[in-house]
Amino acid sequence: MGVLDSKIIVVTGAARGLGKAMSEGLIAAGATVVGVDLPDEAELDRAAEALGRNFLPFHADVSGEAACARVVAHALEAAGGLHVLINNAGVGMQEINTFNSSDPTPFWKLEPHQWRRMFDNNTTSQYLMARACAPHLIAQGWGRIINVTTSYVTMILRGFTPYGPSKAAAEAHSVIMASDLEGTGVTVNILVPGGAANTRMITDSKRYPDRAALVQPPKMVAPAVWIASNQSDGVTGRRFISKNWDESLPPAAAAIAASAPAGWR
Ligand SMILES: NC(=O)c1ccc[n+]([C@@H]2O[C@H](COP(=O)([O-])OP(=O)(O)OC[C@H]3O[C@@H](n4cnc5c(N)ncnc54)[C@H](O)[C@@H]3O)[C@@H](O)[C@H]2O)c1
């Protein structure tokens, strides 16, 4: 018996990195995961081979509303339900500048399409997926929306336009969604690694020479499992820092120690 037995969880950006690690941990806890990644993303099919029959890969670009509707329809039809959405898909500053921390790019050197792409993938995607899932979750009287944003310091870091603002907007929207969903049985929480994590998003080898010192993706698993489970009933509008999750504590105590109200409160 796992704490996530019979839970069906949509994880966006599941082909690699934090999304793949969370998918693996959620499946180990008993869940079925609908793992979503971009239409041309071959890594998603490799993840499916590695993660087994409880990982259902689905190719979709979640920056568009029609694709988000298809993700929800696929979860309901192919997996037979939908209980949890993990809004994890995103693009990082490495798309703009490999050495984005040690040699930052000022905002006036960006092209407007770079700003729009980052907001489409990091912010609008979270809204569109939540919008597509919410009616079903509200109707069943139980659900979870877990949004991956970033550390507060990254949101305002020099040279981190547009990544920082795109995540700050997602953070603010998470708080609003939690309030809007109060009393429905559907909670909204934020989950962040708590520092630069060892994925392809971190490319600045001058700033981060030692990859072993980065947050390792499996650190996301314990808080993701707990938030996705019935054990977190009633916990909403909080931000969880994976790095601070102490696995030697009972999960409810670890959750209190690793979380605080989401947003700037
Ligand atoms: N790596 C870090 O240091 C770090 C720190 C804080 C927060 N985050 C956040 O964690 C999340 C996961 O990032 P990661 O580090 O695993 O990066 P990653 O690049 O390894 O994985 C991100 C995945 O999202 C997918 N994706 C992007 N846009 C998409 C879209 N529109 N539709 C479907 N899939 C899409 C990508 O194809 C990729 O597989 C992101 O939201 C990121 O901003 C990462």
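Up top is the structure these notes are about.
Residues numbered from 1 in each chain as written. Predicted model: local features only at pLDDT ≥ 70, side-chain atom pairs only at ≥ 80, totals over all residues.

**Student:** What's the story with the sheet that holds strand β4 (residues 84-87) in this structure? I'm lost.
**Tutor:** Within a sheet, neighbouring strands are paired by backbone hydrogen bonds and run either parallel or antiparallel to one another. Ordered in space as β3-β2-β1-β4-β5-β6-β7-β8, the eight strands form an open sheet in which the pairing is mixed. Strands with a single pairing partner mark the edges of an open sheet, and in this sheet they are β3 (55-59) and β8 (259-261). Across the sheet, the axes of successive neighbouring strands diverge by a mean angle of 20°, strand direction being ignored. Pairing of strand β1 (residues 8-12) with β4 involves three bridges; the strand directions are parallel. Counted as the bridge partner of Val-10 is Leu-85 from β4. Relative to β3, helix α2 (residues 42-51) is tilted by about 170°, and along the sheet it contacts β2 (32-37) and β3. Lying on the sheet, helix α6 (residues 163-180) is in contact with β5 (143-147) and β6 (186-192); it crosses β6 at an angle near 155°. (Pairing = 2+ DSSP bridges. Helix = DSSP H or I, 4+ residues; strand = E, 2+ residues; numbered from the N terminus. Axes fitted to C-alpha atoms, helices over the stretch in contact; angles between N-to-C directions. Contact = placed C-beta atoms within 7 Å.)

**Student:** Quick question: what am I supposed to make of the environment of Val-175 here?
**Tutor:** With respect to the helices and strands, Val-175 occurs in helix α6. With 72 residues separating them along the chain, Val-175 and Glu-247 place their C-alpha atoms 26 Å apart. Sequence-distant contacts of Val-175, defined by excluding residues within four places in its chain, comprise Gly-237, Ala-262 and Gly-263.

**Student:** Sorry if this is basic, but what is going on with unusual backbone geometry here?
**Tutor:** Backbone phi values are negative for most residues with the exception of glycine, while trans is the configuration of most peptide bonds. In this model, Thr-161 is joined to Pro-162 through a cis peptide bond whose omega is 5°. Here Pro-162 lies in the loop between α5 (152-155) and α6. The phi angle at Ser-6 is positive, at roughly 70°, despite the residue not being glycine. Mapping Ser-6 onto the fold places it in the segment before β1.

**Student:** Help me understand the site of the ligand, please; the structure alone is not making it clear to me.
**Tutor:** Lining the immediate environment of the ligand, one finds 31 residues, of which Gly-13, Gly-17, Ala-89, Gly-90 and Thr-199 sit closest. Among the secondary structure elements, those contributing two or more residues to the shell around the ligand are α1 (17-28), β2 and α4 (112-140). When residues in the shell around the ligand are grouped by element, the largest group, three residues, is from α1. Looking at the shell around the ligand residue by residue, the classes come out as 14 nonpolar, 12 polar and five charged. (Near = placed C-beta within 6 Å. Nonpolar A, V, L, I, M, F, W, Y, C, P; charged D, E, K, R; others polar.)

**Student:** Would you take a moment to explain the pairing of β2 for this structure?
**Tutor:** The two faces of the sheet receive side chains in turn, since in a regular strand these alternate between them. In terms of residue burial, β2 counts as a mostly covered element, since six of its six residues are buried. Neither face of β2 is exposed, since Thr-32, Val-34 and Val-36 on one face and Val-33, Gly-35 and Asp-37 on the opposite face are all buried. Bridge count between β1 and β2: five bridges; the pairing is parallel. Each residue of the ladder has a partner; that of Thr-12, found in β2, is Val-36. (Buried ≥ 20, exposed ≤ 12 C-beta atoms within 10 Å, placed from the backbone.)

Read these as layout, nothing more, since geometry by itself doesn't imply function.
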